[in-house]
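A structural walkthrough
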Amino acid sequence: MDPNSADTLHDFPPFFRVHKNGKIERYLETDFVPSSHDPTTDVQSKDVVISPENAVSARLFLPKSTIPNQKLPLLIYVHGGAFSIESAFSSLYHNYLNTLVAEAKVIAVSIEYRLAPEYAVPACYDDCWEVIKWVELHAGGQGPDPWLNEFADFDRVFLAGDSAGANIAHNMAIRFNLDEFGSGIKIVGIILVHPFFGNGKTDNLWLFICPETSGSNDPRLNPAADLDLLSKLGCNRVLVCTAGKDRLKERGLIYYDAVKNSNWKGEIEIFDIEGEDHVFHLFKSTCENAVLLLKKIVGFMNQNLLPSVL
């Protein structure tokens, strides 16, 4: 792929470029792996279609039960990729969720949402919201999926994501508080790993994939621009994870300070790992710092939580 080609109309490396004829070409292909039983972690996974008309689906993960009749915390996970690449069904995220689910002993819903630029923002937000509403259908034990009906504890729900997925997770927590929503689930906390937020400066990728945006201070991109809206986070706890060499580290710090300075009444903490780059834990999953980050996330979800029984 030649980024200097005269045929290129818009170019956003390392994610995608748009040709003059409208063709969209991604710099890297995403592999797809089927759901399965993972022999290493003993985690089972399966795929569910939530909105056929919008191609919204999810991969569910269920750990091996160690305590009979125990309800498990529910993790709703949003993959990263600059709103434009990657998938809940890629080996990168499939393997990560297997490990996270096994270590944390949670049931997980990993969301497959529509990608930009084919589907402009806010499609990704709308798709993830649709999944959250689908999850809420199971709170009374009568939803369409038996795993969620039987094993999920809807009083212990976490939203999490990395990079753009962290951005989406934050926006879902805001929307949870603002939109009319049933009381069937409780979002205890959100986990934002190397979040992709704005910093008040022009972001050409965001402007291209979100034509309806108000600009660099759109609170969906830059939550710190609207402290009143930020104070409406629909959860009690927030964990922000940063990496020392990540060019987005500053954005995570700005977000942390903004939440602290808002009128939100919950608890927020920041966890920084020096010497690592953006989403390093996905590519070096067994390194010492990746294990350290995993333990922090697991501890956050299991903090002060007593087992629930069926």
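This structure is a prediction, so every number in the text was calculated from the model and none was measured.

Let's shift gears to the packing of helix H2 (residues 123-136) against helix H4 (residues 164-178). Remark: H2 packs on H4, axes separated minimally by 10 Å, with the N-to-C direction vectors making an angle of 60 degrees. With respect to their mutual orientation, H2 and H4 come out oblique. The handedness of the crossing between H2 and H4 is right-handed. Residues Cys124, Tyr125, Asp126, Cys128, Trp129 and Ile132 of H2 form the contact with H4, whose own contacting residues are Asn167, Ile168, Asn171, Met172, Arg175 and Phe176. Looking at the contact of H2 with H4, its residues break down into eight nonpolar, two polar and two charged.

To continue, consider the nonpolar core. Within soluble globular proteins, side chains that are nonpolar generally end up buried alongside one another. Formed by 70 residues in total, the largest nonpolar core has its most connected members in Leu74, Phe83, Ile190, Leu233, Val238 and Tyr255. Beyond its immediate sequence surroundings of up to four residues, Phe83 is in contact with Leu115, Ala116, Val121, Cys124, Tyr125, Ala164, Asn167, Ile168, Phe196, Trp206 and Ile209. Formed by 35 residues, the second largest nonpolar core is a distinct cluster that contains Leu92, Val106, Leu294 and Phe300.

Under the local residue numbering, the UniProt record ascribes the feature "active site" (unreviewed entry) to Ser163. Tracing the backbone through its elements, the reader meets Ser163 in the loop between strand E9 (152-162) and H4. Excluding anything up to four places from it in sequence, Ser163 contacts Gly80, Val193, His194, Pro195, Phe196, His278 and Val279.

Moving on to the side chain of Ser90. For Ser90, the position within the fold is in the loop between strand E7 (70-78) and helix H1 (91-104). Of the residues examined, Ser90 reaches a relative accessible area of 0% and is grouped as buried. Polar contacts involving the side chain of Ser90 include one to the side chain of Glu86, which spans 2.6 Å. Setting aside anything within four residues of it in sequence, one finds Ser90 in contact with Thr30, Asp31, Phe32 and Val33.

Attention shifts here to the pairing of strand E1 (residues 8-12). Where E1 and strand E2 (residues 16-19) come together, four bridges link them in antiparallel fashion. Note on E2: the bridge partner recorded for Asp11 is Arg17.

What follows deals with the sheet that holds E2. Paired through their backbone hydrogen bonds, the strands of a sheet run either parallel or antiparallel. If you walk across this open sheet you meet the three strands as E1-E2-E3, and the pairing is antiparallel. Two strands bound the open sheet, and with one partner strand each, they are E1 and strand E3 (24-26). For this sheet, the mean angle separating the axes of adjacent strands, direction not counted, is 15 degrees.

For the peptide bond that leads from Pro13 to Pro14, omega is 5 degrees, which places it in the cis range. Note on placement: Pro14 falls in the loop between E1 and E2. Note the cis peptide between Ala116 and Pro117, where omega equals 0 degrees. Tracing the backbone through its elements, the reader meets Pro117 in the loop between strand E8 (107-112) and H2.

Take H2 next. Between its terminal C-alpha atoms H2 stretches 20 Å, which fits the 20 Å expected from 14 residues at 1.5 Å a residue. For H2, the tally of buried residues reaches 11 of 14 residues, placing the bulk of the element in the interior. Here H2 has its buried residues at Ala123, Cys124, Tyr125, Asp127, Cys128, Trp129, Val131, Ile132, Trp134, Val135 and Glu136.

On to the packing of H1 against helix H9 (residues 288-302), then. Helix packing for two helices is described by the angle between their axes and how far apart those axes are. The geometry of H1 relative to H9 is characterised by a closest axis approach of 9 Å and an angle of 50 degrees between their N-to-C directions. As far as their axial angle goes, H9 and H1 are oblique. Between H1 and H9 lies a crossing whose hand is right-handed. Counting all contacts with H1, which are made through Tyr96, Thr99, Leu100, Glu103 and Ala104, the residues of H9 involved are Leu294, Ile297, Val298, Met301 and Asn302.

Before going further, it helps to spend a moment on the environment of Asp42. Looking at the element boundaries, Asp42 is found in the loop between strand E4 (37-38) and strand E5 (43-51). Sequence-wise, Asp42 and Thr99 are 57 residues apart; in three dimensions their C-alpha atoms are separated by 9.5 Å. When residues no more than four places from it in sequence are discounted, the contact partners of Asp42 are His37, Leu62, Pro63 and Lys64. For Asp42, the side chain forms a polar contact with the side chain of His37, separated by 2.5 Å.

Turning next to the pattern of salt bridges. Within the structure shown, the criterion is met by 16 salt bridges. Among the ionic pairs, Glu118 bridges to Arg26, the shortest N-O distance being 2.8 Å. Within this pair, whereas Glu118 is found in the loop between E8 and H2, its partner Arg26 is found in strand E3, the two being separated by 92 residues in sequence. Take Glu118: its relative accessible area is 41%, and that puts it in the partly exposed class. Judged by relative accessible area, Arg26 falls into the partly exposed class, the value being 24%. Taking the shortest distance from any N to any O, the salt bridge between Asp42 and Lys64 comes out at 3.7 Å. With Asp42 in the loop between E4 and E5 and Lys64 in the loop between strand E6 (56-62) and E7, this residue pair connects regions lying 22 residues apart in the sequence. Salt bridges sharing common partners tie together Asp126, Arg175 and Asp179.

Cut-offs applied
- Residues numbered from 1 in each chain as written.
- Predicted model: local features only at pLDDT ≥ 70, side-chain atom pairs only at ≥ 80, totals over all residues.
- Heavy atoms only, no water.
- Axes fitted to C-alpha atoms, helices over the stretch in contact; angles between N-to-C directions.
- Helix = DSSP H or I, 4+ residues; strand = E, 2+ residues; numbered from the N terminus.
- Parallel < 35°, antiparallel > 145°, perpendicular 65-115°, else oblique.
- Left-handed = near helix turned anticlockwise from the far one by under 90°.
- Contact = heavy atoms within 4.5 Å.
- Nonpolar A, V, L, I, M, F, W, Y, C, P; charged D, E, K, R; others polar.
- Core = buried A, V, L, I, M, F, W, Y, C linked by side-chain atoms within 4.5 Å.
- Buried < 20%, exposed > 50% of the residue type's maximum accessible area, 1.4 Å probe, protein only.
- UniProt positions renumbered as here; feature names shortened; annotations may be inferred.
- Polar contact = N/O pair within 3.5 Å; in protein donor to acceptor, adjacent residues only side chain to side chain.
- Pairing = 2+ DSSP bridges.
- Expected span 1.5 Å × (residues − 1).
- Salt bridge = Lys/Arg side-chain N within 4 Å of Asp/Glu carboxyl O.

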